Amino acid sequence: NAIDAQCNITGDGRILAKFPTQVKYAKLLFEACKRGCLREAAAAAAIIDCGKIMLDAENQYKESERSDILADEKSEIAQIAKLCQIAKNNSYDERFCRQYGIHAANARKAETLAQDLYSTAQRAFGENTHQAADSSDALAKCVISAFSENLCARINDAQLSCQIANGKSGVIAKASKKFAEHLFCALNLQEQLAQGKASIVASMCVPVSAGQITDVFGGQITEQITNCIDERHKRVICRVQKTFRGLVLEQSQHDCTDKEACAKVLLDEILKGKLVLENFNEKAQRFITRANFAAECAPKYNLPKIDDEALQMVFADLCYGKSSYTQLKNVDVLPHIKAWYSQEQLALIDYLAPDF
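Residues numbered from 1 in each chain as written. Predicted model: local features only at pLDDT ≥ 70, side-chain atom pairs only at ≥ 80, totals over all residues. Heavy atoms only, no water.

Draft legend 1. Region of interest: the overall build of the chain. Along its length, the chain carries 15 helices and 8 strands. On C-alpha atoms alone, the chain measures out to a radius of gyration of 32 Å, which is more than a quarter above the 21 Å that the 2.2 N^0.38 rule sets for 356 residues. Within the span of the chain, comprising 356 residues, buried residues form 43% of the whole. Counted over contacts in the chain with a minimum sequence separation of 6, partners at least 24 positions apart contribute 61%. (Helix = DSSP H or I, 4+ residues; strand = E, 2+ residues; numbered from the N terminus. Rg over C-alpha atoms; globule rule 2.2 N^0.38 Å. Buried < 20%, exposed > 50% of the residue type's maximum accessible area, 1.4 Å probe, protein only. Contact = heavy atoms within 4.5 Å.)

Draft legend 2. Broad picture of the pattern of salt bridges. Tallied over the full model, the rule gives 16 salt bridges. The closest approach of N and O atoms between Lys-62 and Glu-65, which form a salt bridge, is 3.8 Å. With a gap of 3 residues between them, Lys-62 and Glu-65 both fall in helix α4 (residues 60-70), about one helical turn apart. Judged by relative accessible area, which is 33%, Glu-65 ranks as partly exposed. The salt bridge involving Lys-234 is made with Glu-231; its shortest N-O contact spans 4.0 Å. What you see here is one network of salt bridges that share partners, running through Lys-27, Glu-31, Lys-34 and Arg-35. (Salt bridge = Lys/Arg side-chain N within 4 Å of Asp/Glu carboxyl O.)

Draft legend 3. The nonpolar core, seen in detail. Of all hydrophobic cores here, the largest spans 65 residues; its most connected members are Leu-29, Leu-187 and Ile-213. The contacts of Leu-187, once residues within four sequence positions are left out, are Ile-48, Ile-77, Val-143, Phe-147, Asn-150, Ser-203, Met-204 and Val-206. Residues Ala-295, Ile-306, Cys-319 and Ile-337 belong to the second largest nonpolar core, which totals 37 residues. (Core = buried A, V, L, I, M, F, W, Y, C linked by side-chain atoms within 4.5 Å.)

Draft legend 4. Main features of the packing of helix α3 (residues 38-49) against helix α7 (residues 104-125). Following both chains from N to C, one finds α3 and α7 inclined at 135°, their axes separated by 8 Å at the closest point. For the element pair α3 / α7, the angle class is oblique. In this structure, α3 meets α7 at a crossing whose hand is right-handed. Taking contact as the criterion, the partners of Leu-38, Arg-39, Ala-42, Ala-43, Ala-45, Ala-46 and Asp-49 in α3 are, on α7, Ala-110, Leu-113, Ala-114, Gln-115, Leu-117, Tyr-118, Ala-121 and Gln-122. (Axes fitted to C-alpha atoms, helices over the stretch in contact; angles between N-to-C directions. Parallel < 35°, antiparallel > 145°, perpendicular 65-115°, else oblique. Left-handed = near helix turned anticlockwise from the far one by under 90°.)

Draft legend 5. Up close: unusual backbone geometry. Unusually for a residue other than glycine, Cys-7 sits at a positive phi of about 65°. Looking at where Cys-7 falls in the secondary structure, it is placed in the segment before α1 (11-18). Within the chain, Asn-166 stands out as a residue other than glycine whose phi angle is a positive 70°. Inspection of the secondary structure assignment puts Asn-166 in the loop between β2 (161-164) and β3 (168-172).

Draft legend 6. The environment of Met-313, seen in detail. Considering the arrangement of structural elements, one finds Met-313 in helix α12 (residues 308-319). When the C-alpha positions of Met-313 and Lys-141 are compared, they lie 52 Å apart, and in sequence the two are 172 residues distant.

Draft legend 7. Spotlight on the sheet that holds strand β7 (residues 235-244). A sheet is described by the order of its strands in space; here 3 strands give the open sequence β6-β7-β8, paired in antiparallel fashion. A single partner strand is all that each edge strand has here, and the edge strands are β6 (222-230) and β8 (247-255). Pairwise comparison of adjacent strand axes, ignoring direction, gives a mean angle of 25° for this sheet. The pairing of β6 with β7 spans 9 bridges and is classified as antiparallel. In the strand pairing of β7, Glu-223 is matched with Lys-242. Each of β6 and β7 is contacted by helix α10 (residues 259-271), which is oriented at about 55° to β6, the strand it contacts most. (Pairing = 2+ DSSP bridges.)

Draft legend 8. The arrangement of the state of the cysteines in detail. Enumeration according to the criterion identifies 0 disulfides in this entry. Here Cys-228 stays free of any disulfide, with the sulfur of Cys-238 as its closest cysteine sulfur at 8.3 Å. In this structure Cys-228 comes out as buried when scored by relative accessible area, which is 17%. The cysteine Cys-319 is free of any disulfide, with Cys-262 supplying the nearest cysteine sulfur at 10 Å. Judged by relative accessible area, Cys-319 falls into the buried class, the value being 0%. (Disulfide = S-S within 2.5 Å.)

Here is the structure:
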């Protein structure tokens, strides 16, 4: 909302332009002031900017202890913020921080920067005096607003691959996979080169929901309805997808009840060779050969040929009223082909090209 539809700067844009950070950080803090989570947003911005803070713990016992301490945190940023607080409570003691896998210098730097950003944002934007009842929900919406180009959707739970907004793809850093739910915002997207191939690695993950994205960008959510074949059950289904900048936010499906739509899907699958009609057999093929031979040898009778276009129309008629391969598989195709002709024309075909 920094510019309008004509690319003119807006009132919000003028405010953001004066804030002494990159625009996305200004937007993050601006939204946080309105949503009542400025302290959390300032900490998040500082953590992103201060380098690696969470390291490997000194040993497996300290690693286990640290995991228990961080177990209730709802995002990677929240975990690191808690580690920064623990380091601060222990005066950034080097030995203590090393044991628990905390980069003491970066944690101290993040704390200082977070306080500076908090104070600057208060003066620039005016903090909401009411703290958000659910700060993690409020912060997630601020992150969505400021880092919308970093929104990601996980391909599946078994892989680290993900889709990124606007048609990009990437992989989730192994250390970040805990918070890479179906939808998440990666506050850090870094291009890396491995085995001669460039890939985008997503880290600093904040889990988000379709509802939160809709709350922030409701006007940009599109709904796409597609009729297609269910590969497992070979039924025609109606699939409804809600998407945001190419990311599938929600998906549902139900049996298709539109007869025309069902027939079109089934016909496409037949023409692609994915659905095989068991009774489109030698007998049916032989009749087509006879009919086309009669039409070619005796043009004066004006017998229509069964060409690809005619056969497609026959299959379309055969598919109408059906919604699954089970209904279609064993249908006798020959009567539908013969229906292309009148009784007189069928008799003429038998006379001109008898079936021996």
